[in-house]
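Residues per chain are reported as follows:
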Amino acid sequence: MASPNIEIKEHSHGGELPVSKLDVHGSFDVADFPVPNGREEEWRFTPLRRLRGLHQHTEATDGKITVETDAPAEVTVETVGRDDARLGTSFLPTDRVSALAYASFTEATVVTVPKETQASAPVSIKVTGTGQGESYGHILVRAERHSAATVVLEYAGSAVHADNVEFVIEDGAQLTVVSLQDWERDAVQVSHHYTKVGRDARFRSFVVTLGGDLVRLSPKVGYTAPGGDAELYGLYFTGAGQHHEHRSLIDHNVSNTRSRVEYKGALSGEEAHAVWIGDVIIGEGTEGTDSYEHNRNLVLTDGTRVDSVPNLEIFTGEVEGAGHASASGRLDDIHLFYLQSRGIPADEARKLVIRGFFAELINRIEVPELRERIMTEVEEKLALHE
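Engineer: Which residues make up the side chain of N311, and what values do they have?
Structural biologist: Mapping N311 onto the fold places it in strand β16 (residues 305-314). At a separation of 2.8 Å, a polar atom in the side chain of N311 contacts the side chain of D279.

Below, the structure written as structure tokens:
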């Protein structure tokens, strides 16, 4: 189990590496971000050679991506050019790949849930790759005041793809997002989710990562007014040779905000590598913050590697609650013994424990057909790696 890093200090600057996540400055200018060499804190877990040039930008942007959408009539879906004034207003890129993605996309998908509207069905956005060159994309989902919607964002096919996804939840709105990384085995994805949560608004995110050769996903949440609530859930099953990396950042930059982060993973097979970095910042001068993050990993075979690092930075003494936990280990022998003592064969007992480990999180997804699909794919992957 990786030991947590806890920092309680005054904000300071200086040195080659940032002493705080607050010292990481954003920019749309790619030149402001040197090409990573792997020694940087934010890149030290990522095998750069397997990014296939996404962090360097080789100009070979001949990858092919199609975006298909399906939405109820009350929700607006648009395909716009990069000059659309709504794009890029809620964030600044915080690393080179994010800046490259913003500088390189040609079309963006914009989804708008009108104010005081409750979407009658989930909005589906499916991104499919069909080429091996670099490709870049941009998606903006805006839930206007007092609206409510569920968005299913799915990635499939083969690609070397980077994108930025903006989620803007205005005052009193509720947005649930399910992001499914279901790539073919050779795909590479580096994705950034930037979320702004308004006054008394609620954001729920479910990240499910099963496919790809390398997937690195970085969700970031900030608040625009008090009363915002964000819940980030994640599930990943990392098989032989796969690299799955999730790096969440919750910035409690205003008072009276809440967050919960819970990611669960399983690893099976030689050189399976899972990374979870959970950063929480409780800003200077804020009051009433309630935050907790938790990561658990099941190590199913030898030859795997898991890196789990929760980080908590507190710049105020007025905190409602703040904590984190990280645990990685084998299946619990007591659970297996209990099932086997009741006549269940060892292999079946093992499957039941793993299903139960993931089911708690999957059952929180409010789209029944998606719950069933995810559980089926987890079971198929489990059978593949037995």
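Engineer: Provide a residue-level description of unusual backbone geometry, including the pertinent values.
Structural biologist: Positioned with a positive phi, E116 is a non-glycine residue whose angle comes to about 60°. Assignment of secondary structure puts E116 in the loop between β4 (107-113) and β5 (123-143). Even without glycine at this site, D200 takes up a positive phi of about 55°. Mapped onto the elements, D200 comes out in the loop between β8 (188-197) and β9 (202-209). The exposed category is assigned to D200, whose relative accessible area is 54%.

Engineer: Describe the pattern of salt bridges, naming the residues involved and giving the relevant values.
Structural biologist: Once the charged atoms of two side chains with opposite charge are near each other, the side chains can pair. Scanning all chains against the criterion turns up 22 salt bridges. The shortest N-O distance in the salt bridge between R50 and D213 comes to 3.1 Å. A residue pair is termed long-range when its members are at least 10 positions apart, and R50 in the loop between β1 (5-8) and β2 (65-70) and D213 in the loop between β9 and β10 (214-223) qualify at 163 residues. We note that R50, like D213, is buried. Taking the shortest distance from any N to any O, the salt bridge between R364 and E262 comes out at 3.1 Å. With R364 in the loop between α3 (346-362) and α4 (368-384) and E262 in strand β13 (residues 258-267), this residue pair connects regions lying 102 residues apart in the sequence. Accessibility expressed as a relative area gives 15% for E262, which makes it buried. The network of salt bridges with common partners includes R202, R204, D229, E231, R258 and E366.

Engineer: Please provide a residue-by-residue account of the pairing of strand β15 (residues 289-299), values included.
Structural biologist: Looking along a regular strand, one sees the side chains alternate between the two faces of the sheet. In the sheet, β13 pairs with β15 via 10 bridges, with the strands oriented parallel. Residue E262 lies in a different strand from β15, and its bridge partner there is H294. Strand direction decides the pairing type here: β15 and strand β17 (residues 319-329), joined by 10 bridges, are parallel. If you follow Y292 over to β17, its bridge partner there is G323.

Procedures and definitions
- Residues numbered from 1 in each chain as written.
- Predicted model: local features only at pLDDT ≥ 70, side-chain atom pairs only at ≥ 80, totals over all residues.
- Heavy atoms only, no water.
- Helix = DSSP H or I, 4+ residues; strand = E, 2+ residues; numbered from the N terminus.
- Polar contact = N/O pair within 3.5 Å; in protein donor to acceptor, adjacent residues only side chain to side chain.
- Buried < 20%, exposed > 50% of the residue type's maximum accessible area, 1.4 Å probe, protein only.
- Salt bridge = Lys/Arg side-chain N within 4 Å of Asp/Glu carboxyl O.
- Pairing = 2+ DSSP bridges.

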